[in-house]
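# Close look at the chain arrangement
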Number of protein chains: 4
Amino acid sequence: MRVVPRPFPQLRRSLHEALDPSARTTGLSALNLALCLAILGSVAATIVETDPTISNGRESLFRAIELGFGSLFALEYLGRLWIAPEREPNRPPWAARLRWATSPSALIDLIALAPVLLVTAGAPLLVLRLFRLLRILRLAHMGPMSRALDLVAQALSARRYELTVTLALGGMLLVLASALLYLVEGAVQPETFGSIPRALWWGVVTLTTIGYGDVYPVTPLGKALAGLTAVFGIGLIAAPTGILAASFSEALRARDDSEAR
Amino acid sequence: MRVVPRPFPQLRRSLHEALDPSARTTGLSALNLALCLAILGSVAATIVETDPTISNGRESLFRAIELGFGSLFALEYLGRLWIAPEREPNRPPWAARLRWATSPSALIDLIALAPVLLVTAGAPLLVLRLFRLLRILRLAHMGPMSRALDLVAQALSARRYELTVTLALGGMLLVLASALLYLVEGAVQPETFGSIPRALWWGVVTLTTIGYGDVYPVTPLGKALAGLTAVFGIGLIAAPTGILAASFSEALRARDDSEAR
Amino acid sequence: MRVVPRPFPQLRRSLHEALDPSARTTGLSALNLALCLAILGSVAATIVETDPTISNGRESLFRAIELGFGSLFALEYLGRLWIAPEREPNRPPWAARLRWATSPSALIDLIALAPVLLVTAGAPLLVLRLFRLLRILRLAHMGPMSRALDLVAQALSARRYELTVTLALGGMLLVLASALLYLVEGAVQPETFGSIPRALWWGVVTLTTIGYGDVYPVTPLGKALAGLTAVFGIGLIAAPTGILAASFSEALRARDDSEAR
Amino acid sequence: MRVVPRPFPQLRRSLHEALDPSARTTGLSALNLALCLAILGSVAATIVETDPTISNGRESLFRAIELGFGSLFALEYLGRLWIAPEREPNRPPWAARLRWATSPSALIDLIALAPVLLVTAGAPLLVLRLFRLLRILRLAHMGPMSRALDLVAQALSARRYELTVTLALGGMLLVLASALLYLVEGAVQPETFGSIPRALWWGVVTLTTIGYGDVYPVTPLGKALAGLTAVFGIGLIAAPTGILAASFSEALRARDDSEAR
């Protein structure tokens, strides 16, 4: 492969500025905003398509919509491949393009393209299209929304050990509470408490305070144990919330300090 | 339209002090308090009126109540129109009144008056009366309650990007979790998980930990995925709570600092 | 009424030290601890007594228990009346006793005594006994538990306006959301959404994320509105939690500062 | 018992470094990591074993698995007994071993061994195996996860009185709310509200916002009281969360300060 001359240098530079979030210091370019909206549109179309009362008899319409969005994203991929050398002016263009094409983000883009090829496939592959949503996080790279995302990510990451420990303690509580309820309720309600794996479903639904109502204890002892579990369940929600609150406070202070300097 | 002489200068000034929240530096005037209570009364009457077991046979009573409240609010509107020049003594009265009448708050007052004209209309227009509730926020403009409202609004607004990001991540989680449950449970429970829009209802009810119990997974894999979703749902509640806690801490500190100066 | 001589000065002083929480600077006296346990015991007996499967055929036993606890609390009341002059040595004893007997806390004690006189009354009066629980808050006046209670009360009171504003906004959201659901679901589910008062029950159960499952929307539009309401419901829980977290932080800092001085 | 010569001094020292978490300053030794995984494996096997659809016909397999894990933990116990003198080089080995064997953590290890002896016992003893989970907390003693656990424990312990007070107030609210609902709903729904102990189940399920839906009020007054209880229930979740958030903030600051010194 030989180094080709750059045919439209000015066009490529403009496209680079419009497509590459890192080429700008402020805001979201109009092109990237349009791509975000296209992603949301393709996701919305996919969601609606799964409803048979809407999509039955309109299969060709939905296929056309998906082909349209798919072509747009394919064009975007080719565009990004073309402008890759703008990022690394000191390398030969093919090397810059290869580097870009093998980067994780470009591979995700390529995978996100795949579903369009399977436009007539069944539901499972259809759902793959929804993962295009994750691309929005990368496109919306600039501006206050991106700084906010960084702050949230930093607050989560700074206290990841404390959050993991809370989760682990919650897991222990879940296993022990489910085992106790299995002992107490197992004989009375074998369908729902007849084994620990079954009782675990009750445990999750109770400790997260969801409480669907498909499973609940009926014996007095079971109710007493469930009440105790529920009170601990509040602690299980309070602890990570408290950790996150403290972490956000610290991250905000740290950012204010670094901006004050 | 010519500039008319002020007929009751003293009365207009007193009424201005009683009606305009910005004319006072402390507390809520007795007149505005009475208007707040009248709003609450008209809302309560509207709520009760929708119950057929109470309102059947008492239509004329409820019509009289609403006409009474409506006349009171119309009088209030005329009063505010009359006193508008007090705010801007340097303008001709008609200009001050026009400025007030075209201000957003006066337009809202006018819209809030409309339902009284439709006293015999059906339920939808009846519900419009409830939006009078929002007027309380503006009437109760002074005093500690108003400063508290400012603090809450400031804490929300200072971290609006972080809250939006959390909401967007929550939306992604909602779509992905609902799509997975649709794949896993769709065949077994077509009524409730037979399409992604249907599964989204399950997703919202689960991630907000409401758990009505009209929809829940029944397959082991669906339960495992739902359990995982529920744990993330706790994070979805913990994150905005933590952000708000940090933001309130900062807003309180900022207020204390500015008061100490 | 003439001033009687103090018959057992030493005994009265000891009893004062044992009974009056404000007479000690540390810990809970053994006598007050015993009274707290007696309150808990009488409450537990009352709770159990309401269960017909336990109390049927044991009416005289429960009557004896209640008479026992009642006599104890009556003795305590007489004791407190007797020691009242210890608090105010400069007044004549009868004046100190009258002042104590008309104080709010003594009146509550007297009211808490009343149920024992109605030992054979029906369930409603039986429940009055449970209000004895509130006396524990006053008895346990010293020590770290009491300082913790003060801190909690101070944190709540310092941000009472912000909490009230949040509650008021929550109330507005509740009324508006219930009214919308009444419009959308009223025709389909008249039993549960046929009037705003009925829809309010759905609103409370949803905004507090309880979700019993006796009432939920069934139309697509109703579900969409309910989902939106549920997301706001998270905010309704997040806001007071964040306010309390900030307030506790401040109260802790203030206490640390005042102790450091 | 006489002091025996140390037969394999080098081996014992290596084993000590590998087994005793306090012998290392960083990370988790490979041996302790393997033991943690073995505990998780034995717990998982126990959970699965309780499901008759999986374990029926595979009894001997599960017995073999448990015997395998049991032997491993027995070996570990003997190993820890053997290396005990490494911790206290100045004492005779038998004294160090006796001290270790009578320490609480060693006694827990011994109890955690017991279930293997009862491999054919019924479900209750089977559940005892799950308490092995608690041993992980002690094994994972080093590294960032352990510091995080310390921080969580410290934040909980620093505010233990405030958390207890909140819990006590919650308990009072629970008793009073349940008693009121018993009065209001008892006659209409005797099965679920016919006594205070029965109504307490409703109270716990409501105040923790679980809301299974097996019990809920049906009368208007009962619903109004339940709505009020639910709003207080939010406070019951908000208060401990706020306390924990403030406590985590303080614990993080304290750690940062002590590390900065």
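Residues numbered from 1 in each chain as written. Chains lettered and ligands numbered in written order. Predicted model: local features only at pLDDT ≥ 70, side-chain atom pairs only at ≥ 80, totals over all residues.

## Some remarks on the overall build of chain A
Check the secondary structure of chain A and you find 13 helices and zero strands. Beginning at the N terminus, the succession of helices and strands in chain A can be written as α-α-α-α-α-α-α-α-α-α-α-α-α. For chain A, the proportion of its 261 residues judged to be buried stands at 38%. Residue pairs at least 24 apart in sequence account for 65% of intrachain contacts in chain A once pairs closer than 6 positions are excluded. (Helix = DSSP H or I, 4+ residues; strand = E, 2+ residues; numbered from the N terminus. Buried ≥ 20, exposed ≤ 12 C-beta atoms within 10 Å, placed from the backbone. Contact = placed C-beta atoms within 7 Å.)

## Quick notes on the relation of the copies chain C and chain D
When chain C is fitted onto chain D, the two copies agree to an RMSD of 0.1 Å after a turn of 90° and an axial shift of 0.0 Å. Classification of the inter-copy transformation places it as that of a four-fold axis. Little of the interface of chain C is mirrored in chain D: 19% of its interface residues are interface residues there too. (Least-squares fit on C-alpha atoms with pLDDT ≥ 70 in both.)

## Quick word on the packing of helix H13 (residues 220-260) of chain C against helix H13 (residues 220-260) of chain D
At a minimum axis distance of 7 Å, the contact between H13 of chain C and H13 of chain D shows a crossing angle of 45°. Regarding the angle of H13 of chain C to H13 of chain D, the classification is oblique. Read as a crossing pair, H13 of chain C and H13 of chain D show a hand that is right-handed. For the pair formed by H13 of chain C and H13 of chain D, the contact residues are Ile237, Pro240, Thr241, Leu244, Ala245, Ser247, Phe248, Ser249 and Leu252 of chain C on the first element and Ile234, Gly235, Ile237, Ala238, Ala239, Thr241, Gly242, Ile243, Ala245, Ala246, Ser249 and Glu250 of chain D on the second. Residues belonging to the contact of H13 of chain C with H13 of chain D are distributed by class as follows: 13 nonpolar, seven polar and one charged. (Axes fitted to C-alpha atoms, helices over the stretch in contact; angles between N-to-C directions. Parallel < 35°, antiparallel > 145°, perpendicular 65-115°, else oblique. Left-handed = near helix turned anticlockwise from the far one by under 90°. Nonpolar A, V, L, I, M, F, W, Y, C, P; charged D, E, K, R; others polar.)

## Regarding the relation of the copies chain A and chain B
Look at the two chain copies: a rotation about an axis and a shift along it is all it takes to match them. For the match of chain A to chain B, the screw axis carries a shift of 0.0 Å, the RMSD comes to 0.1 Å, and the turn is 90°. An overlap of only 19% is found between the interface residues of chain A and their copies at the interface of chain B, pointing to separate contact surfaces.

## Some thoughts on the interface of chain C and chain D
Of the residues lining the interface, 36 residues belong to chain C; the matching set on chain D comes to 36 residues. For the side of chain C that touches chain D, the secondary-structure elements that each account for two or more residues are helix H2 (30-49), helix H7 (123-128), helix H9 (143-158), helix H12 (196-207) and H13 of chain C. Partitioned by chemical class, the residues of the side of chain C that touches chain D number 26 nonpolar, eight polar and two charged.

## A few points about the domain arrangement of chain A
Accessible area lost on assembly of the parts is the figure often given for the size of an interface. Splitting chain A by domain gives domain 1 (9-141) and domain 2 (157-260). Summarising the inter-unit geometry, the C-alpha centres of domain 1 of chain A and domain 2 of chain A are found 39 Å apart. (Domains from an automatic or database assignment.)

## Remarks on the nonpolar core
Ranked by internal contacts, the top residues of the largest apolar core, which has 201 residues, are Leu181 of chain A, Leu181 of chain B, Leu181 of chain C together with Leu181 of chain D. Not counting the four nearest positions on each side in its chain, leucine 181 of chain A is found in contact with Phe193, Ala199, Trp202, Pro217, Gly222, Leu225 and Ala226 of chain A. (Core = buried A, V, L, I, M, F, W, Y, C linked by C-beta atoms within 7 Å.)

## Things to note about the interface of chain A and chain B
Residue-level contacts link 36 residues of chain A with 36 residues of chain B. Where the side of chain A that touches chain B is concerned, the elements lending two or more residues are helix H2 (30-49), helix H7 (123-128), helix H9 (143-158), helix H12 (196-207) and helix H13 (220-260) of chain A. Broken down by element, the residue count for the side of chain A that touches chain B peaks at nine residues, all from H13 of chain A.

## Topic: the environment of proline 52 of chain A
Among the secondary structure elements, proline 52 of chain A is positioned in helix H3 (residues 52-55). When the C-alpha atoms of proline 52 of chain A and proline 144 of chain A are compared, they prove to be 40 Å apart, with 92 residues separating the residues in sequence.

## Observations concerning the confidence of the model for chain A
Residues and elements named next belong to chain A. When the pLDDT values of chain A are averaged, the result is 85; 89% of them are 70 or greater. Averaged pLDDT values for the elements of chain A fall to 71 in H7 and rise to 95 in H12. Here the prediction assigns the complex a pTM of 0.90, and the interface score ipTM is 0.88. (pLDDT = per-residue confidence, 0-100.)

## Brief notes about the packing of helix H4 (residues 59-87) of chain A against helix H5 (residues 93-101) of chain A
All names here are of chain A. As a packed pair, H4 and H5 sit with axes 8 Å apart at the nearest point and diverge in direction by 115°. Judged on the interaxial angle alone, H5 and H4 are roughly perpendicular. With respect to the hand of their crossing, H4 and H5 are arranged in right-handed fashion. When H4 is examined against H5, the residues Leu81, Ala84, Pro85 and Arg87 are found in contact with a partner set consisting of Pro93, Ala96, Arg97, Trp100 and Ala101. Within the contact of H4 with H5, the residues separate by chemical class into seven nonpolar, no polar and two charged.

## A closer look at unusual backbone geometry
All names here are of chain C. For threonine 209, which is not glycine, the phi dihedral falls at a positive 60°. As for its placement among the helices and strands, threonine 209 is situated in the loop between H12 and H13. Judged by C-beta crowding, with 27 C-beta atoms within 10 Å, threonine 209 ranks as buried.

## A word on the environment of valine 48 of chain C
Within the element layout of this structure, valine 48 of chain C appears in helix H2. Residues valine 48 of chain C and arginine 255 of chain C lie 207 residues apart in sequence; the distance between their C-alpha atoms is 42 Å. Discounting chain neighbours no more than four positions away, the residues touching valine 48 of chain C are Ile54 of chain C together with Pro197 of chain D.

## Looking at the environment of isoleucine 39 of chain A
Residue and element names in this part refer to chain A. Secondary-structure assignment places isoleucine 39 in helix H2. Taking the C-beta count within 10 Å as the criterion, isoleucine 39 has 21 such neighbours and is therefore assigned buried. Each C-alpha atom, one on isoleucine 39 and one on phenylalanine 131, is 9.8 Å from the other, the two residues being 92 residues apart in sequence. Discounting residues that sit within four places of it in the chain, isoleucine 39 has contacts with Arg132, Leu133, Arg135 and Ile136.

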